[in-house]
Amino acid sequence: MRQNFNMTVLSLLTLISWIVLSRAGHPDACYGHKNTDELMSTGGRIVIVVDTLPWSGSTAMTQLIMSSPSVSTLCKGAHWQCEGHEIPAALRDYGHHIINITKTVLSWLKIWDLSKPFLLTKAFGISGNFTSELANTLQGLDASFLPTGITKLYPVWLTMWRPMCLMLMSSGYLHSFEAIKGSTQADEENALRQFHSYEHARLLDLAYAIRKLQQQRIPMLTISYGTLLWKSNEIAKIISKWLSCCSDEFRDDFRPRLGHDVFVRNRWKTTGTLQDYGKKKNPKDYGYDVNNIKCDSKPVLNPKQLTSVKYITSKLIDLEKTLFENYS
């Protein structure tokens with residue numbers, strides 16, 4: 001009962017905040033720096049946070065961002081998919097939540113190549129509170145905490161959501177779906193209802209996290225996984241314009257090199273380019289409309305959940321359309 005109450009309150013706060021904050025301007029992703037020389041001469045570094053829900057395309061987005069020679073990753077930390085929360089010093093609890101964000105960021109700083117102006121982390125499991133705390137920590141660390149020569153970290157966020165019909169593209173989703181069916185003896189529709197309810201809760205959490213970032217005036221770019229996959233070249237160009245101080249463009253035809261960009265212990269999932277992967281997949285096979293950024297079918301949810309999903313996705317789509325208007 002308490003969980004339902006909390007979700008209702010969260011839904012209400014989210015809807016109100018979308019109305020207010022969607023009118024706000026877009027903060028400068030370069031924090032006023034015209035180029036990387038100007039950024040680095042003052043001891044600054046821009047931290048790019050790829051933040052998505054699990055199984056929602058974060059590896060694809062990470063590969064796109066690491067395509068720029070100006071970006072340093074956490075791959076040399078030799079952990080799963082180069083993810084920041086996998087670093088042992090992250091001090092996770094049994095629920096895999098990072099419990100000391102300052103020590104986590106300091107552990108990242110030991111792995112990043114600080115000779116580069118852009119530092120990439122893949123911070124999994126978006127939630128409003130964690131997102132807010134990570135942004136505050138990145139902004140709040142002064143020179144006394146930072147390595148010699150670094151005086152300021154400037155966070156920018158790349159958030160990505162996945163339309164529910166594209167869950168079928170995820171092997172993690174398929175394994176979990178079969179597990180739900182097996183553990184509960186549920187038929188396919190009931191199992192799908194359980195999974196869609198879970199996705200609905202995660203979508204609310206994502207919307208809440210975006211609201212927190214908007215309140216903190218953190219530069220942020222928000223797109224859907226479908227757009228990244230089937231409009232990868234356009235997204236690469238948009239990110240290059242958004243991070244205008246980056247002299248090296250982002251490329252969707254980039255293929256990570258083993259031993260150079262990624263390492264054996266990363267167990268990197270992709271073998272080709274983002275561009276090639278998009279060409280191999282037909283959005284119609286998943287009932288997805290690329291141009292309208294939506295699924296053809298409705299998720300299996302109750303009426304209140306359907307209304308919530310429809311509203312939140314409409315606002316996420318609005319953010320994406322504004323992005324294309326501003327940077328295309």
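Residues numbered from 1 in each chain as written. Predicted model: local features only at pLDDT ≥ 70, side-chain atom pairs only at ≥ 80, totals over all residues. Heavy atoms only, no water.

Draft legend 1. Seen up close, the side chain of serine 132. Tracing the chain through its elements places serine 132 in helix H5 (residues 128–140). Judged by its relative accessible area of 11%, serine 132 is buried. Not counting residues within four places of it along the chain, the set of residues in contact with serine 132 comprises Lys212 and Gln216. (Helix = DSSP H or I, 4+ residues; strand = E, 2+ residues; numbered from the N terminus. Buried < 20%, exposed > 50% of the residue type's maximum accessible area, 1.4 Å probe, protein only. Contact = heavy atoms within 4.5 Å.)

Draft legend 2. How the structure looks around the pairing of strand S5 (residues 220–224). With 5 of 5 residues buried, S5 is to be regarded as a mostly interior element. Burial along S5 is two-sided: Met220, Thr222 and Ser224 and Leu221 and Ile223, pointing in opposite directions, are all buried. Across 5 bridges, the pairing between strand S4 (residues 152–161) and S5 is parallel. Pairing of tryptophan 161 across the sheet is with serine 224, part of S5. (Pairing = 2+ DSSP bridges.)

Draft legend 3. Examining helix H9 (residues 232–242) more closely. For H9, the complete set of buried residues consists of Ser232, Ile235, Ala236, Ile238, Ile239, Ser240 and Trp242. Tucked inside the fold, the buried residues of H9 contact helix H3 (58–65), S4, S5, helix H8 (225–230), helix H10 (274–280) and helix H11 (303–327).

Draft legend 4. The arrangement of the pattern of salt bridges in detail. In total, this model carries 7 salt bridges according to the counting rule given. Note that lysine 122 and glutamate 83 form a salt bridge whose closest N and O atoms lie 3.2 Å from each other. Taken together, the residues span a long stretch of sequence, with lysine 122 in strand S3 (residues 118–122) and glutamate 83 in the loop between strand S2 (71–72) and helix H4 (101–109) at a distance of 39 residues. Here the two residues lysine 122 and glutamate 83 agree in accessibility, since each one is buried. Of the charged contacts in the structure, one is a salt bridge between lysine 315 and aspartate 318, with a shortest N-O distance of 3.9 Å. Linking lysine 315 with aspartate 318, this pair stays in helix H11, spanning 3 residues, or about one helical turn. Aspartate 318 sits in the partly exposed class, given a relative accessible area of 38%. Linked by salt bridges that have partners in common, Arg162, Glu199 and Arg202 make up one network. (Salt bridge = Lys/Arg side-chain N within 4 Å of Asp/Glu carboxyl O.)

Draft legend 5. Seen up close, the nonpolar core. Core analysis: the largest hydrophobic core is formed by 89 residues, its most contacted members being Ile48, Met61, Ile65, Leu134, Leu153 and Leu228. In terms of residue count, the dominant contributor to this core is H11 (8 residues). Residues in contact with isoleucine 48, not counting those within four places in the same chain, are Ile65, Val71, Phe118, Leu119, Leu120, Thr121, Val156, Leu158 and Leu243. (Core = buried A, V, L, I, M, F, W, Y, C linked by side-chain atoms within 4.5 Å.)

Draft legend 6. Spatial organisation of the state of the cysteines. The final tally for this structure, using the stated rule, is 3 disulfides. Paired by a disulfide, cysteine 75 and cysteine 82 hold their sulfur atoms 2.1 Å apart. Across the disulfide from cysteine 75 to cysteine 82, rotation about the S-S bond amounts to roughly 105°, and the bridge is consequently right-handed. Residue classification places cysteine 75 among the buried residues on the basis of a relative accessible area of 0%. When its relative accessible area of 4% is taken as the criterion, cysteine 82 is described as buried. Each sulfur of the disulfide joining cysteine 165 and cysteine 295 lies 2.1 Å from the other. Measuring the twist about the S-S bond at about -85°, one finds the cysteine 165-cysteine 295 disulfide to be left-handed. Within this pair, whereas cysteine 165 is found in the loop between S4 and helix H6 (171–184), its partner cysteine 295 is found in strand S7 (residues 294–295), the two being separated by 130 residues in sequence. With respect to class, cysteine 165 is no different from cysteine 295; both count as buried. Each bonded cysteine in the chain gets a number by its place in the sequence, and the pairs come out as 1-5, 2-3, 4-6. (Disulfide = S-S within 2.5 Å.)

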